[in-house]
There are 2 protein chains.
Amino acid sequence: MKSEKISEAVVRRLPIYLRYLSELQSREVATVSSQELGQKLELNPAQIRKDLAYFGDFGRKGIGYDVAYLIEKIRHILNLDQRINVVLVGAGNLGQALSNYNTYLKENLKIIAVFDSYTPKIGTEINTLKVQPMEELHSTIVNNNIRIGIITVPAYEAQSVADQLIKSGIEAILNFAPTILKAPPYIRIHAADFTTDMLSLAYYLNNGKEEEMDDKLTDEVDH
Amino acid sequence: MKSEKISEAVVRRLPIYLRYLSELQSREVATVSSQELGQKLELNPAQIRKDLAYFGDFGRKGIGYDVAYLIEKIRHILNLDQRINVVLVGAGNLGQALSNYNTYLKENLKIIAVFDSYTPKIGTEINTLKVQPMEELHSTIVNNNIRIGIITVPAYEAQSVADQLIKSGIEAILNFAPTILKAPPYIRIHAADFTTDMLSLAYYLNNGKEEEMDDKLTDEVDH
(Lines give C-alpha, C1' and ligand atoms only; values in the text may rest on other atoms or scores of the structure.)
Protein backbone atom coordinates (compact mmCIF):
# COMPACT_ATOMS: atom_id res chain seq x y z
CA MET A 1 0.00 0.00 0.00
CA LYS A 2 2.76 2.39 0.89
CA SER A 3 5.20 1.17 -1.72
CA GLU A 4 3.72 3.45 -4.39
CA LYS A 5 5.33 6.87 -4.54
CA ILE A 6 2.86 9.60 -3.57
CA SER A 7 3.02 12.80 -5.61
CA GLU A 8 4.11 16.01 -3.91
CA ALA A 9 0.73 17.65 -4.53
CA VAL A 10 -1.00 14.84 -2.65
CA VAL A 11 1.56 14.90 0.17
CA ARG A 12 0.89 18.62 0.58
CA ARG A 13 -2.85 18.00 0.85
CA LEU A 14 -2.54 15.24 3.47
CA PRO A 15 -1.97 17.61 6.42
CA ILE A 16 -5.07 19.53 5.35
CA TYR A 17 -7.13 16.33 5.36
CA LEU A 18 -5.55 15.43 8.69
CA ARG A 19 -6.47 18.73 10.28
CA TYR A 20 -10.10 18.53 9.26
CA LEU A 21 -10.39 14.84 10.14
CA SER A 22 -8.99 15.58 13.61
CA GLU A 23 -11.59 18.32 13.97
CA LEU A 24 -14.29 15.78 13.04
CA GLN A 25 -12.89 13.27 15.50
CA SER A 26 -12.94 15.82 18.31
CA ARG A 27 -16.64 16.31 17.50
CA GLU A 28 -17.06 12.52 17.66
CA VAL A 29 -17.99 12.24 13.98
CA ALA A 30 -17.19 8.66 12.92
CA THR A 31 -17.51 8.77 9.11
CA VAL A 32 -17.25 11.40 6.40
CA SER A 33 -18.08 11.39 2.70
CA SER A 34 -15.83 12.73 -0.05
CA GLN A 35 -18.61 15.26 -0.78
CA GLU A 36 -18.44 16.64 2.78
CA LEU A 37 -14.64 16.72 2.68
CA GLY A 38 -14.77 18.42 -0.71
CA GLN A 39 -17.16 21.10 0.44
CA LYS A 40 -15.19 21.87 3.57
CA LEU A 41 -11.75 21.80 1.96
CA GLU A 42 -12.78 23.36 -1.34
CA LEU A 43 -11.57 20.40 -3.33
CA ASN A 44 -13.29 18.33 -5.97
CA PRO A 45 -14.75 15.15 -4.34
CA ALA A 46 -13.32 13.10 -7.22
CA GLN A 47 -9.87 14.54 -6.43
CA ILE A 48 -10.31 13.60 -2.78
CA ARG A 49 -11.35 10.03 -3.65
CA LYS A 50 -8.30 9.77 -5.91
CA ASP A 51 -5.96 11.13 -3.20
CA LEU A 52 -7.32 8.79 -0.55
CA ALA A 53 -7.19 5.79 -2.88
CA TYR A 54 -3.40 5.84 -2.37
CA PHE A 55 -4.05 4.37 1.05
CA GLY A 56 -6.22 1.53 -0.10
CA ASP A 57 -9.82 1.50 -1.17
CA PHE A 58 -11.57 1.94 2.16
CA GLY A 59 -14.24 4.52 1.42
CA ARG A 60 -17.62 2.76 1.39
CA LYS A 61 -20.44 3.91 -0.85
CA GLY A 62 -23.25 5.58 1.10
CA ILE A 63 -21.22 5.42 4.33
CA GLY A 64 -18.04 7.26 3.46
CA TYR A 65 -14.64 7.12 5.07
CA ASP A 66 -13.91 5.93 8.58
CA VAL A 67 -12.47 9.03 10.26
CA ALA A 68 -10.30 7.25 12.83
CA TYR A 69 -8.85 4.82 10.29
CA LEU A 70 -8.07 7.62 7.84
CA ILE A 71 -6.33 9.66 10.56
CA GLU A 72 -4.23 6.68 11.55
CA LYS A 73 -3.28 5.97 7.92
CA ILE A 74 -2.37 9.57 7.10
CA ARG A 75 -0.35 9.93 10.30
CA HIS A 76 1.56 6.79 9.41
CA ILE A 77 2.21 7.90 5.82
CA LEU A 78 3.47 11.27 7.07
CA ASN A 79 5.72 9.59 9.67
CA LEU A 80 3.74 11.35 12.40
CA ASP A 81 3.28 8.17 14.42
CA GLN A 82 6.80 8.70 15.70
CA ARG A 83 8.51 11.55 17.52
CA ILE A 84 10.36 13.91 15.16
CA ASN A 85 12.61 16.60 16.62
CA VAL A 86 12.97 19.95 14.87
CA VAL A 87 15.55 22.73 15.21
CA LEU A 88 14.94 26.38 14.33
CA VAL A 89 17.75 28.72 13.29
CA GLY A 90 17.02 32.45 13.43
CA ALA A 91 15.33 33.81 16.56
CA GLY A 92 13.87 36.95 14.98
CA ASN A 93 10.17 37.80 14.74
CA LEU A 94 9.47 35.00 12.30
CA GLY A 95 11.39 32.44 14.35
CA GLN A 96 9.50 33.49 17.46
CA ALA A 97 6.18 33.30 15.63
CA LEU A 98 6.96 29.83 14.32
CA SER A 99 7.96 28.48 17.70
CA ASN A 100 4.53 29.61 18.88
CA TYR A 101 3.10 27.06 16.47
CA ASN A 102 4.51 24.34 18.69
CA THR A 103 1.27 24.71 20.59
CA TYR A 104 -0.75 23.94 17.48
CA LEU A 105 1.40 21.00 16.48
CA LYS A 106 -0.40 18.35 18.43
CA GLU A 107 1.61 15.91 16.38
CA ASN A 108 4.88 14.33 17.45
CA LEU A 109 6.72 17.01 15.53
CA LYS A 110 8.27 19.54 17.91
CA ILE A 111 10.74 22.40 17.78
CA ILE A 112 13.09 21.47 20.62
CA ALA A 113 15.98 23.91 20.07
CA VAL A 114 16.42 27.47 18.78
CA PHE A 115 19.69 28.98 17.53
CA ASP A 116 20.90 32.44 16.57
CA SER A 117 24.24 33.98 15.66
CA TYR A 118 23.45 37.35 17.22
CA THR A 119 25.15 37.47 20.63
CA PRO A 120 22.57 39.61 22.53
CA LYS A 121 19.89 37.01 21.72
CA ILE A 122 21.83 34.05 23.11
CA GLY A 123 20.34 32.86 26.39
CA THR A 124 17.03 34.70 25.97
CA GLU A 125 13.93 32.51 26.11
CA ILE A 126 11.40 31.84 23.37
CA ASN A 127 8.48 29.70 24.47
CA THR A 128 10.53 27.99 27.19
CA LEU A 129 13.38 27.32 24.72
CA LYS A 130 16.70 29.06 25.42
CA VAL A 131 18.32 30.59 22.32
CA GLN A 132 21.65 28.81 21.80
CA PRO A 133 24.80 30.00 19.99
CA MET A 134 25.62 28.52 16.57
CA GLU A 135 28.69 26.81 18.04
CA GLU A 136 26.34 24.37 19.80
CA LEU A 137 24.30 23.56 16.66
CA HIS A 138 26.15 20.43 15.60
CA SER A 139 26.27 18.75 18.99
CA THR A 140 22.63 19.61 19.79
CA ILE A 141 21.42 18.11 16.50
CA VAL A 142 23.47 14.95 16.93
CA ASN A 143 22.72 14.41 20.63
CA ASN A 144 18.96 14.98 20.28
CA ASN A 145 18.41 13.13 17.02
CA ILE A 146 17.05 16.30 15.37
CA ARG A 147 15.93 15.55 11.83
CA ILE A 148 14.20 18.67 10.48
CA GLY A 149 15.62 22.19 10.39
CA ILE A 150 13.69 25.44 9.98
CA ILE A 151 15.63 28.39 8.57
CA THR A 152 14.37 31.86 9.51
CA VAL A 153 17.58 33.86 9.04
CA PRO A 154 18.04 36.63 6.43
CA ALA A 155 18.55 35.49 2.81
CA TYR A 156 22.31 36.16 2.84
CA GLU A 157 22.88 33.82 5.80
CA ALA A 158 20.54 31.04 4.70
CA GLN A 159 22.93 28.95 2.58
CA SER A 160 25.58 28.89 5.29
CA VAL A 161 22.99 27.80 7.87
CA ALA A 162 21.67 25.11 5.51
CA ASP A 163 25.23 23.79 4.99
CA GLN A 164 25.73 23.53 8.75
CA LEU A 165 22.38 21.78 9.25
CA ILE A 166 23.13 19.27 6.50
CA LYS A 167 26.64 18.62 7.81
CA SER A 168 25.09 17.84 11.20
CA GLY A 169 22.76 15.21 9.75
CA ILE A 170 19.48 17.09 9.18
CA GLU A 171 17.31 15.27 6.59
CA ALA A 172 14.80 17.96 5.65
CA ILE A 173 14.67 21.76 5.72
CA LEU A 174 11.82 24.24 5.78
CA ASN A 175 13.31 27.43 4.38
CA PHE A 176 11.66 30.78 5.07
CA ALA A 177 14.53 32.86 3.67
CA PRO A 178 13.62 34.30 0.25
CA THR A 179 16.44 32.53 -1.56
CA ILE A 180 16.94 29.20 -3.33
CA LEU A 181 19.17 26.84 -1.31
CA LYS A 182 21.66 24.38 -2.74
CA ALA A 183 21.66 20.93 -1.13
CA PRO A 184 22.52 17.33 -1.98
CA PRO A 185 19.64 15.42 -3.64
CA TYR A 186 18.94 13.29 -0.54
CA ILE A 187 18.03 16.42 1.49
CA ARG A 188 14.42 17.52 1.12
CA ILE A 189 13.94 21.29 1.04
CA HIS A 190 10.57 23.05 1.14
CA ALA A 191 10.54 26.74 0.40
CA ALA A 192 8.03 28.44 2.71
CA ASP A 193 8.77 31.95 1.59
CA PHE A 194 5.56 33.86 2.00
CA THR A 195 6.29 36.23 -0.86
CA THR A 196 5.55 33.44 -3.36
CA ASP A 197 2.21 32.86 -1.61
CA MET A 198 1.41 36.54 -1.89
CA LEU A 199 2.45 36.85 -5.51
CA SER A 200 0.46 33.81 -6.61
CA LEU A 201 -2.57 35.16 -4.75
CA ALA A 202 -2.45 38.30 -6.88
CA TYR A 203 -3.25 36.14 -9.91
CA TYR A 204 -6.73 35.54 -8.53
CA LEU A 205 -7.70 39.18 -8.12
CA ASN A 206 -10.85 40.03 -9.98
CA ASN A 207 -9.38 42.30 -12.58
CA GLY A 208 -7.26 39.36 -13.64
CA LYS A 209 -10.51 37.56 -14.44
CA GLU A 210 -11.95 40.58 -16.23
CA GLU A 211 -8.79 40.87 -18.30
CA GLU A 212 -8.95 37.20 -19.10
CA MET A 213 -12.47 37.67 -20.37
CA ASP A 214 -11.39 40.70 -22.40
CA ASP A 215 -8.53 38.67 -23.87
CA LYS A 216 -10.91 35.88 -24.67
CA LEU A 217 -13.24 38.23 -26.50
CA THR A 218 -10.29 39.68 -28.40
CA ASP A 219 -9.04 36.18 -29.21
CA GLU A 220 -12.44 35.25 -30.50
CA VAL A 221 -12.54 38.31 -32.73
CA ASP A 222 -8.99 37.60 -33.94
CA HIS A 223 -9.67 34.00 -34.94
CA MET B 1 -2.91 33.56 -24.83
CA LYS B 2 -4.29 34.43 -21.42
CA SER B 3 -7.76 33.11 -22.08
CA GLU B 4 -6.82 29.59 -20.99
CA LYS B 5 -7.30 29.00 -17.28
CA ILE B 6 -3.96 28.37 -15.61
CA SER B 7 -3.92 25.59 -13.02
CA GLU B 8 -3.22 26.47 -9.40
CA ALA B 9 -0.03 24.42 -9.36
CA VAL B 10 1.35 26.49 -12.24
CA VAL B 11 0.24 29.76 -10.67
CA ARG B 12 2.11 28.78 -7.52
CA ARG B 13 5.28 28.12 -9.50
CA LEU B 14 5.19 31.44 -11.38
CA PRO B 15 6.56 33.54 -8.50
CA ILE B 16 9.43 31.08 -8.19
CA TYR B 17 10.25 31.48 -11.87
CA LEU B 18 9.89 35.22 -11.46
CA ARG B 19 12.32 35.37 -8.57
CA TYR B 20 15.03 33.45 -10.37
CA LEU B 21 14.49 35.31 -13.63
CA SER B 22 14.82 38.62 -11.78
CA GLU B 23 18.06 37.35 -10.28
CA LEU B 24 19.29 36.50 -13.79
CA GLN B 25 18.26 39.93 -15.06
CA SER B 26 20.17 41.65 -12.27
CA ARG B 27 23.22 39.70 -13.43
CA GLU B 28 22.49 40.90 -16.99
CA VAL B 29 21.80 37.37 -18.27
CA ALA B 30 19.61 37.78 -21.38
CA THR B 31 18.46 34.22 -22.11
CA VAL B 32 17.97 31.01 -20.12
CA SER B 33 17.25 27.40 -21.14
CA SER B 34 14.64 25.18 -19.52
CA GLN B 35 17.55 22.92 -18.49
CA GLU B 36 19.19 25.75 -16.54
CA LEU B 37 15.88 26.75 -14.98
CA GLY B 38 15.20 23.13 -14.09
CA GLN B 39 18.56 22.63 -12.45
CA LYS B 40 18.28 25.80 -10.39
CA LEU B 41 14.63 25.37 -9.39
CA GLU B 42 14.72 21.57 -8.99
CA LEU B 43 11.99 21.07 -11.54
CA ASN B 44 11.86 18.82 -14.57
CA PRO B 45 12.79 20.86 -17.71
CA ALA B 46 9.82 19.30 -19.52
CA GLN B 47 7.56 20.58 -16.73
CA ILE B 48 9.03 24.05 -17.07
CA ARG B 49 8.53 24.07 -20.85
CA LYS B 50 4.94 22.99 -20.30
CA ASP B 51 4.35 25.70 -17.66
CA LEU B 52 5.83 28.42 -19.82
CA ALA B 53 3.92 27.27 -22.89
CA TYR B 54 0.84 28.81 -21.25
CA PHE B 55 2.25 32.18 -22.20
CA GLY B 56 2.85 31.37 -25.81
CA ASP B 57 5.60 29.40 -27.45
CA PHE B 58 8.51 31.77 -27.16
CA GLY B 59 11.36 29.51 -26.05
CA ARG B 60 13.74 29.06 -28.96
CA LYS B 61 15.69 25.85 -29.46
CA GLY B 62 19.39 26.27 -28.70
CA ILE B 63 18.82 29.83 -27.45
CA GLY B 64 16.26 29.41 -24.70
CA TYR B 65 13.87 31.90 -23.17
CA ASP B 66 14.24 35.65 -23.33
CA VAL B 67 14.59 36.62 -19.65
CA ALA B 68 13.15 40.15 -19.91
CA TYR B 69 10.18 39.00 -22.01
CA LEU B 70 9.40 36.15 -19.62
CA ILE B 71 9.55 38.48 -16.60
CA GLU B 72 7.18 40.92 -18.28
CA LYS B 73 4.75 38.13 -19.21
CA ILE B 74 4.73 36.53 -15.76
CA ARG B 75 4.32 39.90 -14.05
CA HIS B 76 1.37 40.63 -16.28
CA ILE B 77 -0.26 37.24 -15.69
CA LEU B 78 0.14 37.69 -11.92
CA ASN B 79 -1.32 41.24 -12.08
CA LEU B 80 1.99 42.57 -10.78
CA ASP B 81 2.22 45.25 -13.47
CA GLN B 82 -0.18 47.27 -11.34
CA ARG B 83 -0.10 48.54 -7.79
CA ILE B 84 -1.89 46.21 -5.33
CA ASN B 85 -2.44 47.35 -1.77
CA VAL B 86 -2.42 44.83 1.08
CA VAL B 87 -3.68 45.02 4.67
CA LEU B 88 -2.37 42.90 7.53
CA VAL B 89 -4.52 42.07 10.57
CA GLY B 90 -2.68 40.78 13.66
CA ALA B 91 0.41 42.69 14.78
CA GLY B 92 2.04 39.84 16.74
CA ASN B 93 5.40 38.27 15.98
CA LEU B 94 4.20 36.75 12.74
CA GLY B 95 2.56 39.97 11.57
CA GLN B 96 5.74 41.87 12.34
CA ALA B 97 7.85 39.29 10.53
CA LEU B 98 5.62 39.44 7.47
CA SER B 99 5.67 43.19 7.27
CA ASN B 100 9.45 42.89 7.14
CA TYR B 101 8.96 41.09 3.85
CA ASN B 102 7.77 44.38 2.35
CA THR B 103 11.46 45.00 1.76
CA TYR B 104 11.74 41.85 -0.32
CA LEU B 105 8.57 42.50 -2.28
CA LYS B 106 10.09 44.59 -5.04
CA GLU B 107 6.78 44.10 -6.77
CA ASN B 108 3.90 46.53 -6.70
CA LEU B 109 2.35 44.49 -3.93
CA LYS B 110 2.73 46.30 -0.60
CA ILE B 111 1.39 46.02 2.93
CA ILE B 112 0.18 49.57 3.53
CA ALA B 113 -1.79 49.16 6.77
CA VAL B 114 -1.59 47.01 9.92
CA PHE B 115 -4.45 46.37 12.36
CA ASP B 116 -4.83 44.77 15.77
CA SER B 117 -7.61 44.46 18.31
CA TYR B 118 -5.28 44.57 21.32
CA THR B 119 -5.38 48.11 22.71
CA PRO B 120 -1.75 48.39 23.96
CA LYS B 121 -0.54 47.68 20.42
CA ILE B 122 -2.58 50.44 18.77
CA GLY B 123 -0.36 53.33 17.72
CA THR B 124 2.92 51.41 17.97
CA GLU B 125 5.00 51.31 14.80
CA ILE B 126 5.90 48.28 12.70
CA ASN B 127 8.22 49.07 9.81
CA THR B 128 6.99 52.67 9.59
CA LEU B 129 3.33 51.51 9.67
CA LYS B 130 1.25 52.58 12.69
CA VAL B 131 -0.89 49.78 14.12
CA GLN B 132 -4.54 50.86 13.76
CA PRO B 133 -7.62 49.79 15.75
CA MET B 134 -10.12 47.41 14.12
CA GLU B 135 -12.72 50.19 14.07
CA GLU B 136 -10.75 51.85 11.25
CA LEU B 137 -10.45 48.67 9.16
CA HIS B 138 -13.43 49.24 6.87
CA SER B 139 -12.72 52.88 6.03
CA THR B 140 -8.99 52.23 5.51
CA ILE B 141 -9.68 49.38 3.08
CA VAL B 142 -12.25 51.36 1.13
CA ASN B 143 -10.31 54.65 1.02
CA ASN B 144 -7.03 53.04 -0.03
CA ASN B 145 -8.39 50.51 -2.50
CA ILE B 146 -6.88 47.63 -0.50
CA ARG B 147 -7.54 44.33 -2.28
CA ILE B 148 -5.60 41.64 -0.40
CA GLY B 149 -5.79 40.86 3.32
CA ILE B 150 -3.28 38.91 5.40
CA ILE B 151 -4.61 37.28 8.56
CA THR B 152 -2.10 36.66 11.35
CA VAL B 153 -4.46 36.55 14.33
CA PRO B 154 -5.04 33.47 16.52
CA ALA B 155 -7.25 30.72 15.05
CA TYR B 156 -10.31 31.63 17.14
CA GLU B 157 -10.33 35.22 15.82
CA ALA B 158 -9.59 34.40 12.18
CA GLN B 159 -13.14 33.86 10.87
CA SER B 160 -14.41 37.11 12.35
CA VAL B 161 -11.47 39.01 10.83
CA ALA B 162 -12.08 37.33 7.45
CA ASP B 163 -15.75 38.35 7.58
CA GLN B 164 -14.81 41.96 8.25
CA LEU B 165 -12.24 41.96 5.43
CA ILE B 166 -14.73 40.51 2.97
CA LYS B 167 -17.46 42.94 4.01
CA SER B 168 -15.02 45.78 3.33
CA GLY B 169 -14.36 44.60 -0.23
CA ILE B 170 -11.18 42.51 0.06
CA GLU B 171 -10.86 40.11 -2.92
CA ALA B 172 -8.23 37.67 -1.68
CA ILE B 173 -6.93 36.50 1.70
CA LEU B 174 -3.68 34.94 2.79
CA ASN B 175 -4.56 33.12 6.02
CA PHE B 176 -1.83 32.20 8.49
CA ALA B 177 -4.22 31.12 11.23
CA PRO B 178 -4.36 27.33 11.53
CA THR B 179 -8.04 27.09 10.72
CA ILE B 180 -10.20 26.69 7.61
CA LEU B 181 -12.05 29.90 6.76
CA LYS B 182 -15.52 30.12 5.26
CA ALA B 183 -15.95 32.65 2.48
CA PRO B 184 -18.11 33.27 -0.58
CA PRO B 185 -16.84 31.52 -3.74
CA TYR B 186 -15.67 34.79 -5.35
CA ILE B 187 -13.14 35.35 -2.54
CA ARG B 188 -9.81 33.59 -3.05
CA ILE B 189 -8.27 32.22 0.14
CA HIS B 190 -4.77 30.76 0.38
CA ALA B 191 -3.90 28.94 3.55
CA ALA B 192 -0.32 29.73 4.49
CA ASP B 193 -0.35 27.83 7.74
CA PHE B 194 3.18 26.64 8.26
CA THR B 195 2.11 23.53 10.16
CA THR B 196 0.93 21.95 6.90
CA ASP B 197 4.36 22.70 5.39
CA MET B 198 6.02 21.04 8.36
CA LEU B 199 3.76 18.01 8.38
CA SER B 200 4.15 17.36 4.66
CA LEU B 201 7.92 17.72 5.04
CA ALA B 202 7.91 14.84 7.53
CA TYR B 203 6.76 12.53 4.73
CA TYR B 204 10.16 12.91 3.09
CA LEU B 205 12.24 11.85 6.08
CA ASN B 206 14.50 8.95 5.30
CA ASN B 207 12.91 6.39 7.53
CA GLY B 208 9.74 6.93 5.57
CA LYS B 209 11.67 5.63 2.60
CA GLU B 210 13.17 2.76 4.61
CA GLU B 211 9.73 1.78 5.89
CA GLU B 212 8.39 1.97 2.39
CA MET B 213 11.07 -0.44 1.29
CA ASP B 214 10.30 -2.71 4.22
CA ASP B 215 6.61 -2.62 3.30
CA LYS B 216 7.51 -3.46 -0.25
CA LEU B 217 9.58 -6.42 0.85
CA THR B 218 6.77 -7.58 3.14
CA ASP B 219 4.27 -7.12 0.32
CA GLU B 220 6.43 -9.20 -1.93
CA VAL B 221 6.71 -11.97 0.65
CA ASP B 222 2.94 -11.83 1.25
CA HIS B 223 2.00 -12.17 -2.38
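Residues numbered from 1 in each chain as written. Chains lettered and ligands numbered in written order. Predicted model: local features only at pLDDT ≥ 70, side-chain atom pairs only at ≥ 80, totals over all residues. Heavy atoms only, no water.

### Some points on the packing of aromatic side chains
(1) Moving on: Tallying each qualifying case throughout the model produces two aromatic pairs over all chains.
(2) Moving on: Between the aromatic rings of B:Y203 and B:Y204, the centroid separation amounts to 4.8 Å while the plane-to-plane angle is 85°, which identifies the pairing as edge-to-face. Of the two residues, B:Y203 and B:Y204, neither departs from the other in class, the shared state being buried.
(3) Moving on: A:R188 extends its terminal NZ or CZ atom over the ring of B:Y204, reaching a point 3.5 Å from the ring centre. (Phe/Tyr/Trp six-rings, centres within 6.5 Å; stacked < 30°, edge-to-face > 60°. Buried < 20%, exposed > 50% of the residue type's maximum accessible area, 1.4 Å probe, protein only. Lys NZ or Arg CZ within 6 Å of the ring centre and 35° of its normal.)

### A word on the interface of chain B and chain A
(1) Moving on: Taken together, the contact pairs 74 residues of chain B with 74 residues of chain A.
(2) Moving on: With both sides pooled, the region where chain B packs onto chain A buries about 7,200 Å², and carbon together with sulfur makes up 63% of that total.
(3) Moving on: On inspection of chain B and its partner chain A, the count reaches two salt bridges.
(4) Moving on: Close ionic contact of B:D197 with A:R12 constitutes a salt bridge, the shortest N to O distance being 3.0 Å.
(5) Moving on: Here the side of chain B that touches chain A gets nine residues from one element, more than from any other, and that element is helix α8 (residues 194–202) of chain B. (Contact = heavy atoms within 4.5 Å. Buried area = accessible area lost by both parts, 1.4 Å probe. Salt bridge = Lys/Arg side-chain N within 4 Å of Asp/Glu carboxyl O. Helix = DSSP H or I, 4+ residues; strand = E, 2+ residues; numbered from the N terminus.)

### Some points on the nonpolar core
(1) Moving on: A:L21, A:I150, B:L21 and B:I150 are the most contacted members of the largest nonpolar core, which has 103 residues in total.
(2) Moving on: In contact with A:I150, other than residues within four places in its own chain, are A:V86, A:V87, A:L88, A:V89, A:L98, A:I111, A:L174, A:F176, B:F194 and B:M198. (Core = buried A, V, L, I, M, F, W, Y, C linked by side-chain atoms within 4.5 Å.)

### Regarding the packing of helix α1 (residues 8–26) of chain A against helix α2 (residues 34–41) of chain A
Residues and elements named next belong to chain A.
(1) Moving on: Packing of α1 against α2 brings their axes to within 11 Å, and their N-to-C directions diverge by 110°. Taken as axis vectors, α1 and α2 run roughly perpendicular relative to one another. Residues I16, Y17, Y20, L21 and E23 of α1 form the contact with α2, whose own contacting residues are L37, K40 and L41.
(2) Moving on: Of the residues in the contact of α1 with α2, the class split is six nonpolar, no polar and two charged. (Axes fitted to C-alpha atoms, helices over the stretch in contact; angles between N-to-C directions. Parallel < 35°, antiparallel > 145°, perpendicular 65-115°, else oblique. Nonpolar A, V, L, I, M, F, W, Y, C, P; charged D, E, K, R; others polar.)

### Some thoughts on the sheet that holds strand β6 (residues 129–133) of chain B
(1) Moving on: A sheet is described by the order of its strands in space; here seven strands give the open sequence β5-β6-β4-β3-β7-β8-β9 (chain B), paired in mixed fashion. The strands lining the two open edges of the sheet, one partner per strand, are β5 (125–126) and β9 (188–191) of chain B.
(2) Moving on: Summarising the sheet, strand β3 (residues 84–89) of chain B and strand β4 (residues 109–116) of chain B pair through six bridges and their orientation is parallel. Residue pairing in the sheet places B:V87 in a bridge with B:A113 of β4(B).
(3) Moving on: Across the face of the sheet, helix α8 (residues 194–202) of chain A comes into contact with β3, β4, β7 (146–151), β8 (172–175) and β9 of chain B while running at roughly 160° to β8(B). (Pairing = 2+ DSSP bridges.)

### Focus: the environment of B:A97
(1) Moving on: Mapped onto the elements of the fold, B:A97 is located in helix α5 (residues 93–100).
(2) Moving on: A C-alpha to C-alpha distance of 9.5 Å links B:A97 and B:I126, two positions 29 residues apart in sequence.

### Brief notes about the environment of B:A30
Residue and element names in this part refer to chain B.
(1) Moving on: Examined against the element boundaries, A30 turns out to sit in the loop between α1 (8–26) and β1 (31–32).
(2) Moving on: Under the relative-accessibility criterion, A30 is labelled exposed at 53%.
(3) Moving on: Separated by 39 residues in the primary sequence, A30 and Y69 place their C-alpha atoms 9.5 Å from one another.
(4) Moving on: Contact partners of A30, with chain neighbours within four places excluded, come to Y65, D66 and V67.

### Some remarks on the domain arrangement of chain A
All names here are of chain A.
(1) Moving on: Assigned domains within chain A: domain 1 (8–77) and domain 2 (84–195).
(2) Moving on: Distance between the C-alpha centres of domain 1 and domain 2: 31 Å.
(3) Moving on: Residue-level contacts link four residues of domain 1 with four residues of domain 2.
(4) Moving on: Among the residues domain 1 hides against domain 2, the three largest losses belong to E8, R12 and R75. Together they make up 83% of the total.
(5) Moving on: The tally of links between domain 1 and domain 2 comes to zero salt bridges.
(6) Moving on: Counting the contacts that link domain 1 with domain 2 gives one residue pair in polar contact (both at pLDDT 80 or more). (Domains from an automatic or database assignment. Polar contact = N/O pair within 3.5 Å; in protein donor to acceptor, adjacent residues only side chain to side chain.)

### Structural notes on the relation of the copies chain B and chain A
(1) Moving on: Its rotation angle being 180°, the transformation that places chain B on chain A also includes 0.0 Å of axial translation and leaves an RMSD of 0.1 Å. Overall, the copies show the geometry of a two-fold rotation axis. Minimal C-alpha distance to the rotation axis in chain B is attained by B:N93, lying at 2.5 Å.
(2) Moving on: A symmetric contact is evident, with 97% of the interface residues of chain B recurring at the interface of chain A. (Least-squares fit on C-alpha atoms with pLDDT ≥ 70 in both.)

### Digging into the side chain of B:T152
Residue and element names in this part refer to chain B.
(1) Moving on: In this fold, T152 is placed in the loop between β7 and α7 (155–167).
(2) Moving on: A distance of 2.7 Å separates a polar side-chain atom of T152 from the backbone oxygen of G90.
(3) Moving on: Setting aside chain neighbours within four positions, we find T152 in contact with L88, V89, G90, L94, G95, L98 and F176.

### Considering the pattern of salt bridges
All names here are of chain B.
(1) Moving on: Under the criterion given, the structure shown has 10 salt bridges over all chains.
(2) Moving on: Of the charged contacts in the structure, one is a salt bridge between K121 and D116, with a shortest N-O distance of 3.9 Å.
(3) Moving on: Residue class for D116 comes out buried when judged on its relative accessible area of 9%.

### Examining the pairing of β6(B)
Here is the key point about a regular strand: its side chains alternate between the two faces of the sheet.
Residue and element names in this part refer to chain B.
(1) Moving on: Along β6, four of the five residues are buried, which leaves the element largely enclosed by surrounding structure.
(2) Moving on: Note: β4 against β6, three bridges, orientation parallel. Note on β6: the bridge partner recorded for V114 is V131.

### Overview of α8(B)
(1) Moving on: Counting buried residues along α8(B), nine of its nine residues qualify, which places the element largely inside the surrounding structure.
(2) Moving on: Of the residues making up α8(B), those classed as buried are B:F194, B:T195, B:T196, B:D197, B:M198, B:L199, B:S200, B:L201 and B:A202.

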